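Chain and residue survey
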Amino acid sequence: MVNPEEVKDVLAVIGLYEDGDEDCNNALIDHETGLKSSTVDEVLEYLWKSDQIEGVMIVGGRNPSLDDMRRVLPDRERLWGDEGLYQAHL
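A few points on the structure. (Residues numbered from 1 in each chain as written. Predicted model: local features only at pLDDT ≥ 70, side-chain atom pairs only at ≥ 80, totals over all residues. Heavy atoms only, no water.)

1. Brief notes about the packing of helix α1 (residues 4–17) against helix α2 (residues 26–33)
Rules: In this analysis, axes come from line fits to C-alpha atoms, helices being fitted only over the stretch in contact, and the angle between any two N-to-C directions falls in the range 0 to 180 degrees. What counts as a helix is a DSSP run of H or I of at least four residues, what counts as a strand is a run of E of at least two, and both are numbered from the N terminus. Angles are sorted into four bins: roughly parallel if under 35 degrees, roughly antiparallel if over 145, roughly perpendicular if 65 to 115, and oblique for all others. Here is the rule for handedness: rotate from the far helix to the near one, and if that takes an anticlockwise turn smaller than a right angle the crossing is left-handed, while a clockwise turn gives right-handed. Working rule for contacts: check all heavy atoms of both residues, and any pair within 4.5 Å makes them a contact.
In contact at an axis separation of 10 Å, α1 and α2 are set at 115 degrees when each is read in the N-to-C sense. Here α1 is positioned roughly perpendicular relative to α2, judged by the angle of their axes. For α1 against α2, the interelement crossing comes out right-handed. Of the residues in α2, those touching α1 at D9, V10, V13, I14 and Y17 are L28, I29, E32 and T33.

Right under this line is the structure:
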């Protein structure tokens, strides 16, 4: 089970970078939060599977390895459409 405080920290970083020039990815969140990479990956997996974030799955040594993450907000269209959703076969 993920820690709610770590979830808040990760979402806060995504919120800071989601509309900026710099892509929001796993490594950026590691750096900004100070959390261990395994913790960030666990939180991102939870957020992605529960449809709270969208992102582009990229090749990398992390699971999930996401890039250009955004929060899923009720009043905003998805940037990545179905491609940004969690897909169990990945």
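2. Topic: α2
Residues that lie three or four places apart on an α-helix share one face, since the helix turns once every 3.6 residues. Cut-off, in case you're wondering: Burial status follows relative accessibility: with a 1.4 Å probe on protein chains alone, a residue under 20% of its type maximum counts as buried, one over 50% as exposed, and anything between as partly exposed. Pairing of N or O atoms within 3.5 Å defines a polar contact, subject to two protein rules: one partner must be a possible hydrogen donor and the other a possible acceptor, and residues neighboring in sequence count only if both atoms are side-chain atoms.
For α2, every residue scored as buried is listed here: N26, L28, I29 and D30. Lining the buried residues of α2 we find α1, α3 (37–49) and β2 (66–71). One side-chain oxygen of the residue at the start of α2 lies 3.2 Å from the amide nitrogen of A27, identifying that residue as N25. Positive phi appears at G34, one or two residues downstream of α2, with a value of about 80 degrees.

3. Concerning unusual backbone geometry
The omega torsion of the bond from N63 to P64 falls at 0 degrees, within 30 degrees of zero and hence cis. Positive phi is not limited to glycine here, since D51 has a value of about 60 degrees. Mapped onto the secondary structure, D51 falls in the loop between α3 and β1 (53–57). Judged by relative accessible area, D51 falls into the partly exposed class, the value being 37%. Here D68, not a glycine, exhibits a phi torsion of approximately 50 degrees, which is positive.

4. As for the packing of aromatic side chains
Each aromatic ring pair is described using two quantities: the centre-to-centre distance and the angle formed by the ring planes. Here is the rule we go by: Aromatic pairs are defined between Phe, Tyr and Trp rings, using the six-membered ring for Trp, whenever the two ring centres lie within 6.5 Å; interplanar angles under 30 degrees are classed as stacked, those over 60 as edge-to-face, and all others as tilted.
With the rule as written, the count across this model stands at one aromatic pair. Ring centres of W48 and Y86 lie 5.4 Å apart, and the angle between their planes is 80 degrees; this geometry places the pair in the edge-to-face category. Here W48 is found in helix α3, whereas its partner Y86 is found in the segment after β2, with 38 residues between them in sequence. Here W48 falls in the buried class, since its relative accessible area comes to 3%.

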